[in-house]
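Tertiary structure, described
One-letter residues, chain by chain:
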Amino acid sequence: MPTRERSPGSEADDAIAELYAAHWTRLVRLAWLLVRDQSVAEDTVQDAFVATHRRWGSIRDSGRVVSYLQTAVVNRCRSVQRHAVVVDRQNRAEAGGADVPGRASHDSAESAALAAAERHTMLAALDRLPQRQREVLVLRYYEDLSEAQIAHTLDISPGSVKAHAHRALTTLRATMEPS
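Residues numbered from 1 in each chain as written. Predicted model: local features only at pLDDT ≥ 70, side-chain atom pairs only at ≥ 80, totals over all residues. Heavy atoms only, no water.

1. Quick word on the overall build of the protein
Going by this rule: Secondary structure follows DSSP: runs of H or I at least 4 residues long count as helices, runs of E at least 2 residues long count as strands, and numbering of each begins at the N terminus. Exposed residues in this analysis have more than 50% of their type's maximum accessible area, buried residues have under 20%, and partly exposed residues fall in between, with area computed by a 1.4 Å probe over protein chains only. Note on areas: Shrake-Rupley, 1.4 Å probe, and residue coverage restricted to the protein chains presented here.
Helix and strand counts for the protein come out as nine helices and zero strands. Ordering the α and β elements of the protein from the N terminus gives α-α-α-α-α-α-α-α-α. Every one of the 179 residues in the protein was classed for burial, and the buried ones make up 32%. Of the accessible surface of the protein, which amounts to about 11600 Å², a share of 53% is contributed by carbon and sulfur atoms.

Shown next as structure tokens:
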């Protein structure tokens, strides 16, 4: 019986399938903590796996596949957030027209009360942090990465990681302490 030859992409296919099984859930949770939307988080992680498959030859040789995946997920989350800012800006510009029906000038008292109550939850407090501070905390306390690993993932210095973590924790403590 003749032996089957493996195609050049089958090694990458097998490796990506193993990585997918081992890291999919964790990476989706990481993305969700950054973008707060399950379907966007899943799409973001899927895109990261596709990019990893495309670059398999160069990534595999350097032995940093999981690190590449994490960085790809964080970078894609940033892109999603930048796009959301642009869309929101456009929607606000369109909604600012005098002819837009149902335009309200102020939030209702109920909305203001609900917004104040939300500030007392950890996730709402985390959402209010600057993006870099939120990324550092999520990678540190959710992904359990070291300062060096976070610095590598975010492409910043270890000192910047420490500074962002300190500022974020100070802000969270002040927000979470009862008045």
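2. With respect to the nonpolar core
This is how it is decided: Buried residues of nine kinds, namely Ala, Val, Leu, Ile, Met, Phe, Trp, Tyr and Cys, make up a nonpolar core once their side-chain atoms join them within 4.5 Å. Any pair of residues with heavy atoms lying within 4.5 Å of one another is described as a contacting pair.
Counting 42 residues, the largest nonpolar core has Leu30, Val45, Phe49 and Val73 as the members making the most contacts within it. Where this core is concerned, the elements lending two or more residues are helix H1 (8-35), helix H2 (38-54), helix H3 (56-62), helix H4 (65-95), helix H6 (122-128), helix H7 (131-142), helix H8 (147-154) and helix H9 (158-176). At twelve residues, H1 tops the list of elements feeding residues into this core. Apart from the residues lying within four places of it in its own chain, the contact partners of phenylalanine 49 are Ile16, Leu19, Tyr20, Trp24, Leu27 and Leu69.

3. As for the packing of aromatic side chains
For clarity, the threshold we go by: Stacked, tilted and edge-to-face pairs are distinguished by plane angle, under 30 degrees for stacked and over 60 for edge-to-face with tilted covering the rest, among Phe, Tyr and Trp rings (Trp via its six-membered ring) whose centres lie within 6.5 Å. The criterion is that NZ of a Lys, or CZ of an Arg, lies within 6 Å of the ring centre and within 35 degrees of the ring normal, and then a charge sits over that ring.
One pass over the structure, following the stated rule, counts three aromatic pairs. Chaining the aromatic ring pairs together yields one cluster made of Tyr20, Trp24 and Phe49. In this structure, arginine 140 is placed above the aromatic ring of tyrosine 141, and the distance from its NZ or CZ to the ring centre is 5.6 Å.

4. Quick look at unusual backbone geometry
In the Ramachandran plot, aspartate 144 falls in the positive-phi region, its phi being about 60 degrees despite a non-glycine side chain. Considering the arrangement of structural elements, one finds aspartate 144 in the loop between H7 and H8. The exposure class assigned to aspartate 144 is exposed, which follows from its relative accessible area of 59%. One non-glycine residue with positive phi stands out, namely aspartate 155, at about 60 degrees. Tracing the backbone through its elements, the reader meets aspartate 155 in the loop between H8 and H9.

5. Notes on the pattern of salt bridges
Definition in use: By salt bridge we mean one thing: a side-chain nitrogen of Lys or Arg within 4 Å of a carboxyl oxygen of Asp or Glu.
Taken as a whole and assessed by the stated rule, the structure comprises seven salt bridges. For arginine 140, the salt bridge identified is with aspartate 144, shortest N-O distance 3.3 Å. The class of arginine 140 is partly exposed, set by a relative accessible area of 32%.

6. Let's talk about H7
At 3.6 residues per turn, the α-helix brings residues three or four places apart onto the same side. The criterion, for reference: For a helix, the expected span equals 1.5 Å multiplied by the residue count minus one.
A rise of 1.5 Å per residue sets the reference length of H7, with its twelve residues, at 16 Å; its end C-alpha atoms lie 15 Å apart and thus fit the reference within 8%. Those residues of H7 not exposed but buried are Gln133, Arg134, Glu135, Val136, Leu137, Val138 and Leu139. Following H7 by one or two positions, aspartate 144 adopts a phi angle in the positive range, close to 60 degrees.

7. Let's talk about H4
The first and last C-alpha atoms of H4 sit 44 Å apart over 31 residues, in line with the 45 Å expected at 1.5 Å per residue. For H4, the full list of buried residues reads Val65, Ser67, Tyr68, Leu69, Gln70, Thr71, Ala72, Val73, Val74, Cys77, Arg78 and Gln81.

8. What to know about the side chain of threonine 44
The test is simple: Polar contact criterion, stated in full: a pair of N or O atoms within 3.5 Å, where within protein one must be able to donate a hydrogen and the other to accept it, and residues adjacent in sequence count only if both atoms are side-chain atoms.
Residue placement: threonine 44 occurs in helix H2. Of the polar contacts made by the side chain of threonine 44, one reaches the backbone oxygen of valine 40; its length is 2.7 Å. With sequence-adjacent residues up to four places away left out, threonine 44 is seen in contact with Val73, Arg76, Cys77 and Val80.

9. A short note on the packing of H7 against H9
Packed helices, taken two at a time, are described by the angle their axes make and the gap between the axes. Test applied: The angle between two axes is taken between their N-to-C directions and runs from 0 to 180 degrees, where each axis is a line fitted to C-alpha atoms and a helix contributes only its stretch in contact. With respect to orientation, any angle under 35 degrees is reported as roughly parallel, any angle over 145 as roughly antiparallel, any angle of 65 to 115 as roughly perpendicular, and every other angle as oblique. Gly falls in the polar group here, along with every residue not listed as nonpolar (Ala, Val, Leu, Ile, Met, Phe, Trp, Tyr, Cys, Pro) or charged (Asp, Glu, Lys, Arg).
Viewed as axis vectors pointing N to C, H7 and H9 meet at an angle of 95 degrees, and their least axial separation amounts to 8 Å. It follows that H7 is roughly perpendicular to H9 by the angle criterion. Every residue of H9 that contacts H7 at Arg132, Gln133, Val136, Leu137 and Tyr141 is listed here: Val161, His164, Ala165, Arg167, Ala168, Leu169 and Leu172. Grouping the constituent residues of the contact of H7 with H9 by class yields eight nonpolar, two polar and two charged.

Read these as geometric descriptors, not functional statements.
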